[in-house]
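Notes for the structure review
The primary structure of each chain is shown beneath.
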Amino acid sequence: MFNKILVANRGEIAIRVMRACKELGIKTVAVYSDADKNALHVQYADEAVHIGAASPKESYLNADALIRAALDSKADAVHPGYGFLSENASFAAAVESAKLTFIGPSADSIRAMGDKAESKIRMKKAGVPTVPGAEGLESFSDFEKAADEIGYPILVKASAGGGGKGMRIVWDSDDLPEEVDAARREALHAFGDDRLLIEKYVADAHHIEFQVFGDKHGHLVHLFERECSVQRRHQKIIEETPSPSLTPELRKQMGEAAIKAARAVNYYNAGTIEFIFDPLLSTFYFLEMNTRLQVEHPITEHATGLDLVHWQIRIAAGEHFPYQQDQLSQRGHAIECRIYAEDPANNFLPSTGKLLQYIEPRGPGIRVDSGFRAGDEVTHFYDPMLAKLIVHGESRELAIQKMQTALRDFVVHGVVTNIDFMQAVLAHPDFADGKVSTRWIENNFNWTPPVEPPFESFIAASLADIVVPGTKSQVPGLNESDPYSPWKTPSGFRN
Amino acid sequence: MFNKILVANRGEIAIRVMRACKELGIKTVAVYSDADKNALHVQYADEAVHIGAASPKESYLNADALIRAALDSKADAVHPGYGFLSENASFAAAVESAKLTFIGPSADSIRAMGDKAESKIRMKKAGVPTVPGAEGLESFSDFEKAADEIGYPILVKASAGGGGKGMRIVWDSDDLPEEVDAARREALHAFGDDRLLIEKYVADAHHIEFQVFGDKHGHLVHLFERECSVQRRHQKIIEETPSPSLTPELRKQMGEAAIKAARAVNYYNAGTIEFIFDPLLSTFYFLEMNTRLQVEHPITEHATGLDLVHWQIRIAAGEHFPYQQDQLSQRGHAIECRIYAEDPANNFLPSTGKLLQYIEPRGPGIRVDSGFRAGDEVTHFYDPMLAKLIVHGESRELAIQKMQTALRDFVVHGVVTNIDFMQAVLAHPDFADGKVSTRWIENNFNWTPPVEPPFESFIAASLADIVVPGTKSQVPGLNESDPYSPWKTPSGFRN
Amino acid sequence: MKITFDNTTIDLVPTDKSYRVTLGDKTAEVEILRAKDGQLELLIDGKRLTAYVSSDGAKRWVTVNGRTFVLTKSSGARKSGGGQHHAAGELTAPMPGQIRAVNVREGDAVTKGQTLMILEAMKMEIRIQAPMDGVVKSLAVKQGQTVEREQILVVVAGQTSKV
Amino acid sequence: MKITFDNTTIDLVPTDKSYRVTLGDKTAEVEILRAKDGQLELLIDGKRLTAYVSSDGAKRWVTVNGRTFVLTKSSGARKSGGGQHHAAGELTAPMPGQIRAVNVREGDAVTKGQTLMILEAMKMEIRIQAPMDGVVKSLAVKQGQTVEREQILVVVAGQTSKV
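What you are looking at is a predicted structure, and each value in this text was computed from that prediction instead of being measured.

Overview of the overall build of chain C
A count of helical and extended segments in chain C gives zero helices and 16 strands. For chain C, the proportion of its 163 residues judged to be buried stands at 46%. Carbon and sulfur atoms provide 47% of the accessible area of chain C, an area that totals close to 7,900 Å².

Topic: helix α3 (residues 63–72) of chain B
All names here are of chain B. Here α3 has its buried residues at A65, L66, I67, A69 and A70. Where α3 starts, the residue carrying a side-chain oxygen 3.2 Å from the main-chain nitrogen of D64 turns out to be N62. K74 lies just past α3 and shows a positive phi near 60 degrees.

Points about helix α12 (residues 396–408) of chain A
The first and last C-alpha atoms of α12(A) sit 19 Å apart over 13 residues, in line with the 18 Å expected at 1.5 Å per residue. Looking at α12(A), one finds that the buried residues are A:R396, A:L398, A:A399, A:I400, A:K402, A:M403, A:T405, A:A406 and A:L407.

Considering the interface of chain C and chain A
Counting from both sides, the interface comprises 60 residues of chain C and, opposite them, 57 residues of chain A. Of the roughly 5,500 Å² buried where chain C meets chain A, counting both sides, 65% is carbon and sulfur surface. At the boundary of chain C and chain A, one finds three salt bridges. A:D420 serves as the salt-bridge partner of C:R67, at 3.8 Å between the closest nitrogen and oxygen. For the pair chain C and chain A, the interface holds nine residue pairs in polar contact (both at pLDDT 80 or more). The leading source of residues in the side of chain C that touches chain A is strand β4 (residues 26–36) of chain C, at nine residues. Residue classes in the side of chain C that touches chain A are distributed as 34 nonpolar, twelve polar and 14 charged.

Describing the domain arrangement of chain C
You can read the domains of chain C as domain 1 (2–73) and domain 2 (78–158). Computed over C-alpha atoms, the centres of domain 1 of chain C and domain 2 of chain C are 37 Å apart.

A few points about the interface of chain A and chain D
When the parts of a complex come together, some accessible area is lost, and that lost area is often used as the size of the interface. Contact with chain A, which involves 16 residues of that partner, is made by 14 residues of chain D. The tally of links from chain A across to chain D stands at zero salt bridges. Taken together, the connections running from chain A to chain D amount to three residue pairs in polar contact (both at pLDDT 80 or more). Secondary structure elements with two or more residues in the side of chain A that touches chain D: α2 (40–44) and β3 (47–52) of chain A. When the residues that make up the side of chain A that touches chain D are grouped by side-chain class, the tally is five nonpolar, six polar and five charged.

Here we look at the state of the cysteines
Residues and elements named next belong to chain A. Tallied over the entire structure, the rule returns zero disulfides over all chains. Of all cysteine sulfurs, the one in C337 lies closest to C228, which takes part in no disulfide; the gap is 12 Å. By relative accessible area, C228 is classed as buried at 0%.

Topic: the pattern of salt bridges
For side chains bearing opposite charge, pairing can occur when the charged atoms are close. Using the criterion set out here, one finds 81 salt bridges over all chains in the structure. In this structure, B:E23 and A:K402 form a salt bridge, with 3.1 Å as the shortest nitrogen-oxygen distance. With B:E23 in helix α1 (residues 11–23) and A:K402 in helix α12, this residue pair bridges two chains. The pair B:E23 / A:K402 is uniform in exposure class, with both members buried. Between B:E209 and B:R226 there is a salt bridge; the shortest N-O distance is 2.6 Å. Note that B:E209 is positioned in strand β10 (residues 206–214) and B:R226 in strand β11 (residues 220–232), a separation of 17 residues in sequence.

Rules used throughout
- Residues numbered from 1 in each chain as written.
- Chains lettered and ligands numbered in written order.
- Predicted model: local features only at pLDDT ≥ 70, side-chain atom pairs only at ≥ 80, totals over all residues.
- Heavy atoms only, no water.
- Helix = DSSP H or I, 4+ residues; strand = E, 2+ residues; numbered from the N terminus.
- Buried < 20%, exposed > 50% of the residue type's maximum accessible area, 1.4 Å probe, protein only.
- Areas by Shrake-Rupley, 256 points an atom, 1.4 Å probe, with all protein chains shown as cover.
- Polar contact = N/O pair within 3.5 Å; in protein donor to acceptor, adjacent residues only side chain to side chain.
- Expected span 1.5 Å × (residues − 1).
- Contact = heavy atoms within 4.5 Å.
- Buried area = accessible area lost by both parts, 1.4 Å probe.
- Salt bridge = Lys/Arg side-chain N within 4 Å of Asp/Glu carboxyl O.
- Nonpolar A, V, L, I, M, F, W, Y, C, P; charged D, E, K, R; others polar.
- Domains from an automatic or database assignment.
- Disulfide = S-S within 2.5 Å.

Structure, rendered in C-alpha cells:
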C-alpha cells in the first residue's frame, strides 16, 4: 500500500480523496494555487505544496509542477480527482515515468477513450451500439456535408472533451458556422485541442451511465447505473440511482455493454460508460467513457455499499477487486443535487462572492461533499459547484422527500445558488414520474423566482438591522436610521 | 397519516424524530423545560410548548403537562423517544385515553416487559432462555437467601429499571446490605418504584441485542443484532453490527428467540430484545426487552437500509410493515460511539459547562446525531451524552478505521469528553479481535490520559494568546503579558 | 421607526416585549427569541420562525422557510451599492472575466440578439447580445481585457435616438 | 516574551515572518498561516498543523492531532481560576448536584475509602469517600442541600493531626 498520495486537484473532490487516504492510513499532500492558499482542501492535508498562479493553466493543469510537487514531497502515488488533468493521457504517462503510481486507468486506456472520435470507432468494432455520426472532420465543408447526411439537429462536440465544454447543438444549417467556431474555441481553451466531431442529436434522450470497476488482474464488473438526465447547458445537476427508466432486463443488457466497452480498452480502476437512452424505443447508444472518478460517484457508493475511492487506491496498489458481479446489488434509492453558485433566473450564470453564511443540512441519510465553509470566497477561476448534496432513502419517493427536506436546511448567503431551482425541479410531476430528459429544463420547465419576497423575509431583515446580536431585543433610540452595525462586528476567537 | 406529532423528549433523539416527521410531511411540536428554552430541538420544531422547570420530574417526566401540550397544540400523536416516559405504561395509556396515538407498543406490552421480574416469568413460559435468578423478593433475608442459592457474584437490578440505573454487582455477601439499599434508592428516584430482583452474574458476558419490528396486524420480524459489550458503569458506549461474536447459525437461533419473546407480549412497533451471550459456551439468555426506540438504532438503520423512525410512525398510523424476514439482510459494518461529556480519568464523572467549540466530523459514511451546537450549555439536569457518532463501512476493519478518523476530527472544548478514551478502546487488540465483554473496561482496560501535553499544544496555546484573530500574525509590544484578549471579542452577526 | 427595502417600507413599533411590524396592509406581532451568528429565532403571531440574515453593504441576504431572498436597503446612512441601475443600452459584465472576442466596432448598426462580444468566465463563453436594434454608441473594452462584474462593456443606442 | 502554562514556560521570539518557540530543550520555527474562529493554521518547522484553541478564564482548551488538552495559564493579569488547590482532606463536589445522604457526623472517626456522603447528580449517585484514615473535622453541607461544583462538602483531618 502507498505511504503518501498527492491529490492533484482542489475543492470537494480533493477532500473526498484525502478522507479516504486518512481512513487507509496514508499521508496526503495537497497542491494549491495562489487563489487557494486558505482553501479547505489545503487545511485538510498533511502537507501542501504551492504550484502556481490562480489560473488553472498555471497550477492545476501544470503537469510538470504537479509531478515536481509529488517528487519533492516524496509521495508515491498521484490521485487526479475529476476534471483538470484526470483524463489527460500524457499526464498519466508522465506520472508513471516519474516512478509514481497514477491512481486511475493506464495512459493507453485514457488515450483510447479520451478521443471521442477514436473511441467511437473502437466501440463499433467491439459491438457496442453507438450514435450515428461522423468523426475526423477537417474543413468546414466536411462539417456541412456530414451534418446534412445525418440530418439536423446535430451535436458538435470536442473530440478531446467532456463535461459539456465545447459542445453545441445545431438546429439549422445557418447556425453551423458560428457554432463550429465557438465549439472550436472552447475546445482549444479547455483541452488544448480543437478537433471536433458531430453526432445525431437524439431528442428527449435520457442520460444513463454505468459505473465500471476493474483491477489490474483482468477482473472487471459494473456497479450499476446512474440516471443523469436532469441537465442544464448539457451539464448534470441531479443524478439518481436506480434509474426510474430501466427494467431489470435493460439494466442487464446495458451493464453487459458497459463491461464490453471497458474491456475493449483493457480498462482498470474506476470508469464510467455514458449511454444515450431513448425511452420511446428502449434503445441505448454508447456516448463516451469517462476514464476517471465521476462527480456523481457518491450515489453509487450509497446504492452498492462500496467506497469507490478506497477501491481506486487499493486497485492502483495492485489489490484484487474481490466482488464478483453476482455479489453486487443495489439497495434503496440515492439522489445527488449539485449545488452551484449560479443564477437560474439569469441563464445559470455563475455567481461569485464571499460566503457570508454557509450552513449544510445534516441528518440520517444525508451526505454533503463540499470544499467550502463560511467566510470562503467563491472566485471565477474555478468551477462554481459549492457542494454535492447526496441523500439515500428506502424508496425513490422517500429519497425525494429527504432531498426536499435537506435542501430547505441548506443556507447559503453571499452568492446566488440553484437551491430554489432544485426544489422546483424535485416538486415537478415530470420528475416524480421519471420523465425528465436531458433537454427538459430547456424545453419544458419554465421556472421564475418569486416576484415578491414574503412578509417574513422583510420582518427578519428589518429586525436584524436593529437588534444587538447575542442579546434579547432592545429597542434602540428612535429616529436613528442605522444606530449600530451588528454586521460589522469582527468575528473573533470564540469565548 | 398524522398531521402533527408532539415529541415528548429533548436533545438528539427529539431532533432525530422531528427530521423523520419533516420528511414524511408531518408538523412537529417540541416541548421544553426552563433549561432548554434555547435548545436545538426547540429551534428545530414547527411549534414549541413550555412544560415546566428544569428538573425532569417537573417537565419531561410530567405526563399531564405533556398530554396537555399535545392537546393544546392539536397534535394527533406523541413520540416518546427513549428514556423519560418512553417505557412508562401509564403514560402510553394516558396518551391513548386522550385520543392521541402513542408511537410505540401498546401499554400492555410495555407493562408486561417493563417489570423485569414479571417479564422473566413470561419469557420462561414462552420458552425463551433466561438467566438463573430470583424475583419478588421482599425482606432483606429474602435477598440473602436467594443470593446464596444462586451463588455470588450476583446482580441486583431494579424491577422497573433499565439503562444501568439501580443496577449493582455484588461480589460478596458482606456488600449485599449497602448495595441493596443503594439500588433501592436509585430505583425509587429514577423510576418511582423500588422493587428489585437478583440474577446470576455471568462473567465475561457479551451483550447482544436484537431489534424487532412489528405492525398492528400481527406481522413481526427481527432486524438482526447489535453487539453492545463495550460498557462502563453498565452503560453502553460503543455498539456495532454485525456482532463479531455470532455465527450465522447463532444469529438465526437468537433472532427466532427474539421474535418468540416479542410475540409473547403481542408486540408491535420498534423494540429490542437484550440477550446475555456467553462466548465460551455459545449460550444466550434473555435479559430484558426495551419497549421503545433504542439509543443505538442508527447502526441497524445503516446495516438494513431501513429508517426505523419512519417505520415507527407509519406503523403507529396503522400501515403494514412490508418486508418479510427473508427480504431483510445486513450489509457492511456499522459502529456507534456515544460521545459523553464525562471524564474517563475520573471514574467517568459527568462534566458540565459551555461548549466553547463544538465541531462534528463529516464525510462519507459518517453520521452524527446530536442535540448540541457551539455555545450551548451542558447542564447537570440531563443525560451527559453530547452526540452519537455513527460510521458505516464495507467491513469491520474499515468501519473501525473510519471511526478512528472521525473521532480525530471531533473537536469539543468546554467540557471533558470520552473521545480520547474511545480512541484507546478502538485501538486495543481485544477490540480488534471482538473479545470485549461487558466488564472488560472495568477489569482489563487500564487507561490513563497522557501526563505531559505535547509541545504542539503549548505552541498553539501560547500563539493563540498573542495573535489578533482574523489577521496574519503581528508581533505585539514586548513585556505585555496579556496585550489583548482575542477570546473576549463578542461573536456577532457575520459580515 | 421605518426601514425601506426595495421600495417596500416596513414600520417597526416597539411594544411591551415585542415589535409590531407593518408592511402595507399586513401586520404581525413579532417577538425575538434569540439573535446570534446571523440567525434570528422569531415568534411571529405566535408561530416560530428561524431566519438567517447576512449583510453585504446595502444588501440583505435573508433565508426563511428554506428560501433565500436578497433585499436591498434603501434608507439609512448607507448608499445603495453598484446595483443594476444602468441606462437602457448599457451592457455590463454579468461576472468577472476576460473578453474573448469583440465582433463590432463603434458606429456599427446592430440587430436585437446579435452577439456583440464574447466574455469568457469560469471556463465558459458568454455571449453579450444587443438588447434591441440600434447602433454601437461606444465600446468600453477590447479583446483580451479583464473586466470586473458590472463593468460597462458596450453602449448601444436605440434606433429612436439615432438622429 | 514568555508565557507560562501549568508550570511550563514557553518562550516566543518573533523572527522575520514567524516565531521561534522554545520549551525547555525543544525549539521550533512556527509560522501562523491563519487564525480565525478559534482555529490556528500553523506551519511548525515546515509541517502543517491545525490547532483549535478556546479560552475559559485562565484555562486553554487545545486540540492538536485529534487530541484535546486543558492548559492553565499561570502568568499574566488573569488570576488562576477556582482550581484544584484544596488542602488535603478537603473534599469538594466534583460536579453540581444535591446531597442525597450524609452518613457521618462531625468528630466521627473514619477509615480510608469509607462513604461519608452521597451526592446525586445527573441521575447518578456518587460516593464521597474518605481519602485517608482520620476524623471528620467539619461538615459543610446537610442532606437535601444543593451544591455547586468545587464547593467544600466535608473536611477530614488525617490521623497525624489528630492531637
